[in-house]
Amino acid sequence: MSRFWSKNTKNLTPYVPGEQPKDRKFIKLNTNENPYPPSPRVKERIQNFKLDDLRLYPNIEGAIIKQAVAKHYDIPERQVFAGNGSDEVLALAFKTFFDNTTKVGFPDVTYSFYPVYCALYEIPFVKVPVKENFSIDFTHYGKDLKGIIFANPNAPTGSYVSPDVIEELLKERPDTLFIVDEAYIDFGGESCVPLISMYDNLLVVHTLSKSRALAGLRIGLAMGCKELIEGLVRVKDSFNSYPLDTLAQVAAEAAILDTQYFNDTRQKIIETREWTQRKLRELGVKVQDSMANFLFVSIPGISGPEALLKLREQGILVRNFSMPKISDWLRITIGTKEDMEFLVQTIKKIMAG
Ligand SMILES: Cc1ncc(COP(=O)(O)O)c(C=O)c1O
């Protein structure tokens, strides 16, 4: 700590991302990365990139990505915002739409970055309990909330809410802004993006880190009505005009336009998830239904932190969150089929003592 830290800086408890080990000896199932490489078109695009283009500042609007996203979702470009990873997009969204006079709500079990943004900007918030089966309970969100934020599918549980349920909420609460974080939507869920043309109280956030296998490139998106996007641009341009570099923009464009590769790899992940879920349940492991590229599991008779350590000793990294309701649960990313075969064998051994 330095005496120059502001009061707010002193009070922050930053988000702690999953471990990125220096050596490669682990099977890495702890940060929901994609086990497959990015589209081969990304490699081709980077190899053909003209180095001289890096002399100039990137396109300020992220136009290259916005065009590709607009084409993919069949929406106008002015309804797309691009930023440096969806963490940045979310951080800008909290700053754009809320302040210390507006309260926001999110589930007590969800992406643990949301309360961190609230602390950073001093936004009052309330955590609303999820149901016993970990699904989101929308009946207890107070009428005083200016914003409701949740991940769909939710993290780390994998639970999913269909767009028709979300549409009902948008209608019931026209003065509440819903931020739906669809980081994992491409693994079997149906996106709410089509609703943005009808509701001005919906912002949908996406990332290229998961289903497009580009976590290292840092591309996040937001889609919403033109006025919501204009607000995000105002805040971005008051902070960093160029969050996306030129190389990232062209590589992301190549990934977004390669629909065939995108569909093939996400389908493989979905199939491996269903296989792993079945195998773990056969062993007697508790496994939540999941629409994401991870499973939320609890091994009977073994605490979450202990299970995490035992798996780590066997070379498998997973995630455990030390929060009361979920401390005995592990979030396990879906890797390749071979990774998951090894995981199932290892859990079997651990259970046999
Ligand atoms: C629910 C959710 N939202 C957003 C993110 C951030 O993704 P990124 O910043 O890589 O786009 C993550 C990453 O794990 C996540 O789980």
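Each value, and the rule that gives it
Residues numbered from 1 in each chain as written. Predicted model: local features only at pLDDT ≥ 70, side-chain atom pairs only at ≥ 80, totals over all residues. Domains from an automatic or database assignment. Contact = placed C-beta atoms within 7 Å. Nonpolar A, V, L, I, M, F, W, Y, C, P; charged D, E, K, R; others polar. Helix = DSSP H or I, 4+ residues; strand = E, 2+ residues; numbered from the N terminus. Expected span 1.5 Å × (residues − 1). Buried ≥ 20, exposed ≤ 12 C-beta atoms within 10 Å, placed from the backbone. Near = placed C-beta within 6 Å. Pairing = 2+ DSSP bridges. Axes fitted to C-alpha atoms, helices over the stretch in contact; angles between N-to-C directions. Parallel < 35°, antiparallel > 145°, perpendicular 65-115°, else oblique.

**A look at the domain arrangement of the chain**
- Annotation of the chain at the domain level lists domain 1 (18-37 + 260-351) and domain 2 (40-257).
- On a C-alpha basis, the centroid separation for the pair domain 1 and domain 2 is 25 Å.
- Listed as interface residues are 23 residues of domain 1 and, on the opposing side, 20 residues of domain 2.
- When grouped by side-chain class, the residues that make up the side of domain 1 that touches domain 2 number twelve nonpolar, five polar and six charged.

**Notes on helix H8 (residues 246-257)**
- The end-to-end C-alpha separation of H8 is 17 Å, in line with the 16 Å expected for twelve residues at 1.5 Å each.
- Counting buried positions along H8 yields nine of twelve residues, so the element is predominantly enclosed.
- By the burial criterion, the buried members of H8 are Ala248, Gln249, Val250, Ala251, Ala252, Glu253, Ala254, Ala255 and Ile256.
- Buried positions along H8 lie against helix H2 (40-47) and helix H3 (63-73).

**Concerning unusual backbone geometry**
- The omega angle of the peptide bond from Asn152 to Pro153 is -5°, so this bond is cis rather than trans.
- Note that Pro153 resides in the loop between strand E5 (147-151) and helix H6 (163-172).
- One non-glycine residue, Asp74, lies in the positive phi region at around 55°.
- Looking at where Asp74 falls in the secondary structure, it is placed in the loop between H3 and strand E2 (80-83).
- A residue is classified by how many C-beta atoms lie within 10 Å of it, and Asp74, with 9 of them, is exposed.
- We note that Ala213 has phi near 60°; this positive angle belongs to a residue other than glycine.
- Mapped onto the elements of the fold, Ala213 is located in the loop between strand E7 (202-207) and strand E8 (220-224).
- Note on Ala213: 22 C-beta atoms within 10 Å, which makes it buried.

**What about the site of the ligand?**
- Of all residues adjacent to the ligand, which total 13 residues, the nearest are Gly85, Ser86, Asp87, Thr207 and Ser209.
- For the shell around the ligand, the leading source of residues is helix H4 (residues 85-97), giving three residues.
- When grouped by side-chain class, the residues that make up the shell around the ligand number five nonpolar, six polar and two charged.

**Description of the sheet that holds strand E12 (residues 319-320)**
- Strand order in the open sheet formed by four strands is E9-E10-E13-E12, and the pairing between neighbours is antiparallel. In this open sheet, the two strands that pair with only one neighbour each are strand E9 (286-287) and E12.
- Relative to strand E13 (residues 330-333), strand E10 (residues 294-298) runs antiparallel, the two being bridged by four bridges. In the strand pairing of E13, Leu295 is matched with Ile332.
- Against the sheet, helix H9 (residues 259-283) touches E9 and E10, its axis set at about 10° to E10.

**Things to note about the environment of Asp144**
- Its location among the elements puts Asp144 in the loop between strand E4 (125-128) and E5.
- Each C-alpha atom, one on Asp144 and one on Phe26, is 46 Å from the other, the two residues being 118 residues apart in sequence.

**A look at the sheet that holds E2**
- Reading across from one edge, E2-E8-E7-E6-E5-E3-E4 is the order of the seven strands in this open sheet, with mixed pairing throughout. Here the strands that pair on one side only, and so sit at the sheet edges, are E2 and E4. Between one strand and the next, the sheet's axes are offset by a mean angle of 20°, whatever the strand orientation.
- Of the strand pairs in this sheet, E7 and E8 are connected by five bridges, and their pairing is antiparallel. Among the inter-strand pairings, Val205 is bridged to a residue of E8, identified as Ala222.
- On top of the sheet, H3 reaches E2 and E8; it is set at about 130° to E2, its chief contact.
- Across the sheet, H4 is in contact with E2, E5, strand E6 (177-181), E7 and E8; its angle to E8 comes to roughly 45°.

**A word on the packing of H3 against H8**
- Contact geometry of H3 with H8 gives a least axis separation of 8 Å together with a crossing angle of 10°. Taken together, the axes of H3 and H8 are roughly parallel relative to one another. When H3 is examined against H8, the residues Ile64, Ile65, Ala68, Val69 and His72 are found in contact with a partner set consisting of Gln249, Val250, Ala252, Glu253, Ile256 and Leu257.
- Class assignment of the residues belonging to the contact of H3 with H8 gives a composition of eight nonpolar, two polar and one charged.

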